Amino acid sequence: MKKIVTFGEIMLRLATPDYQRFSQASSLNATFGGGEANVAVSLANFGFDAEFLSRLPENDLARACIMDLHKHGVSTENMLLGGERIGIYFLETGGRRTFK
Amino acid sequence: MEVNGSASISSKQGAVARSSKVIYDRAHSSISEIQPGMVNWEKVFENTQWFHWTGITPAISQSAADTLKEAIATANRMGITVSTDLNFRKNLWKYGKKASEVMPELVSGCDIILGNEEDADMVFEIKPEGIDVSGGHIEATAYQSVCEQMTTRFPRAKKVIVTLRGSINASHNSWSGVLWDGIQLLKAPDYDITHIVDRVGGGDSFMAGLIYGLVTFPEDDQKALNFAVAASCLKHTIHGDYNLVTVAEVETLMKGDGSGRVSR
């Protein structure tokens, strides 16, 4: 089957654990994500031939990101390498607690 | 998770809500400094059936928007299906142009458009009629006017899909979607997601499910839409951006098994 290509930005995601506030957290959970990469990963999980295209710096963090995409079955054969940095987003997960 | 749930969507007494927060640190990223001509799109699109982009990429920088324009034009020329998720992010448009200036030309090259009522309003000033988007119950049929306005403005688009998220609070959303094919409005079942683990990537998981569905069930848009909603429902139970579920797991939920019983 012909492949599906997505194009955009993938970032390092640093999320507070256990619904902690930024002001509480002493560690952050590191994963990767970004709208178009997320679509490619999901399609690969469905068995489709999916490729993600972006531009990432030539450093170990970007290499870890590419390895993560490969782990999830996404091709990065046309990934551009260059520039200075991979974007980051910080996430504080909100939630609801019910009390009686 | 309750399928076709009848649970109340009014706020529960004694519940307190705190919204999730995102802080971006993405200025001067490598992709924001991409330049037109860097990608050989003809080569990338060899053996390709579908190209997907979102409204985030043209928000990053002028050069990213220009590179995306090359991609869409090449995909159109090569007969590749193009889809977009409008994905309006107000805080990302910082390089001096508005989404309403940049997006129309890009969206005009799309065959499939996904968005929600806020995207359509903020990017194209297209508003639904007769609903209160601030919360509570959302009438799917009220979205038909949004879809019709979209296909009138962007005649290349064969299908417009709107995600329907009702936010009861940060942990409890209702979730569904509608698909407009230019003639009729299809509506997916309603899901009641009562204990959200992680909603980041929810819309992306919908888009992936939709692409899978439209490719796999080309004669059955209802099934494609239902697959998209069920897939993204499962995403809400998974930590991280990625929807790490299989086709079989989505189909199990589509068949109505939202029991959460241990599968052995």
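Since the model is a prediction, treat every value here as computed from it, not as a measurement.

Undergrad: So what exactly am I meant to see when it comes to the packing of helix α1 (residues 35-45) of chain A against helix α7 (residues 202-216) of chain B here?
TA: Each packed pair of helices is defined by two parameters, the angle between the axes and the distance between the axes. Where α1 of chain A meets α7 of chain B, the axes come as close as 8 Å, and the angle between the chain directions of the two elements is 45°. Taken together, the axis directions place α1 of chain A and α7 of chain B in an arrangement best described as oblique. Remark: the crossing between α1 of chain A and α7 of chain B carries right-handed chirality. Note on element contacts: α7 of chain B touches α1 of chain A through Asp204, Met207, Ala208, Ile211 and Tyr212 of chain B, opposite Gly35, Asn38, Val39, Ser42 and Leu43 of chain A.

Undergrad: Please explain the interface of chain A and chain B as it appears in this structure.
TA: It is common to give the size of an interface as the accessible area that goes away when the parts come together. Facing the 56 residues of chain A at the interface are 70 residues of chain B. The interface formed by chain A and chain B holds 5 salt bridges in total. Counting every contact that joins chain A to chain B gives 32 residue pairs in polar contact (both at pLDDT 80 or more). When residues of the side of chain A that touches chain B are assigned to their parent elements, the largest contribution, 8 residues, is made by α1 of chain A. Residues that form the side of chain A that touches chain B fall into these classes: 24 nonpolar, 18 polar and 14 charged.

Undergrad: Please clarify how the packing of aromatic side chains should be interpreted in this entry.
TA: A ring pair, where both rings are aromatic, is described by two values, the distance of the centres and the angle of the planes. This structure, assessed with the given rule, holds 13 aromatic pairs over all chains. A ring pair is formed by Phe48 of chain A and Tyr212 of chain B, whose centres lie 5.1 Å apart and whose planes are at 40°; its orientation type is tilted. Taken together, the residues span two chains, with Phe48 of chain A in the loop between α1 and β4 (50-53) and Tyr212 of chain B in helix α7. An identical accessibility class is assigned to Phe48 of chain A and Tyr212 of chain B; each is buried. Aromatic pair Trp175 of chain B and Phe206 of chain B: ring centres 6.0 Å apart, planes at 80°, arrangement edge-to-face. On the criterion of sequence distance, the pair formed by Trp175 of chain B in strand β8 (residues 172-180) and Phe206 of chain B in helix α7 is long-range, its members being 31 residues apart. What makes Trp175 of chain B buried here is its relative accessible area of 3%. Here the aromatic residues Phe46 and Phe48 of chain A together with Tyr212, Phe217 and Phe227 of chain B are joined through ring pairs into a cluster of three or more. One Lys or Arg, Arg165 of chain B, reaches over the ring of Trp175 of chain B and ends 4.4 Å from the middle of that ring.

Calculation notes
- Residues numbered from 1 in each chain as written.
- Chains lettered and ligands numbered in written order.
- Predicted model: local features only at pLDDT ≥ 70, side-chain atom pairs only at ≥ 80, totals over all residues.
- Heavy atoms only, no water.
- Axes fitted to C-alpha atoms, helices over the stretch in contact; angles between N-to-C directions.
- Helix = DSSP H or I, 4+ residues; strand = E, 2+ residues; numbered from the N terminus.
- Parallel < 35°, antiparallel > 145°, perpendicular 65-115°, else oblique.
- Left-handed = near helix turned anticlockwise from the far one by under 90°.
- Contact = heavy atoms within 4.5 Å.
- Salt bridge = Lys/Arg side-chain N within 4 Å of Asp/Glu carboxyl O.
- Polar contact = N/O pair within 3.5 Å; in protein donor to acceptor, adjacent residues only side chain to side chain.
- Nonpolar A, V, L, I, M, F, W, Y, C, P; charged D, E, K, R; others polar.
- Phe/Tyr/Trp six-rings, centres within 6.5 Å; stacked < 30°, edge-to-face > 60°.
- Buried < 20%, exposed > 50% of the residue type's maximum accessible area, 1.4 Å probe, protein only.
- Lys NZ or Arg CZ within 6 Å of the ring centre and 35° of its normal.

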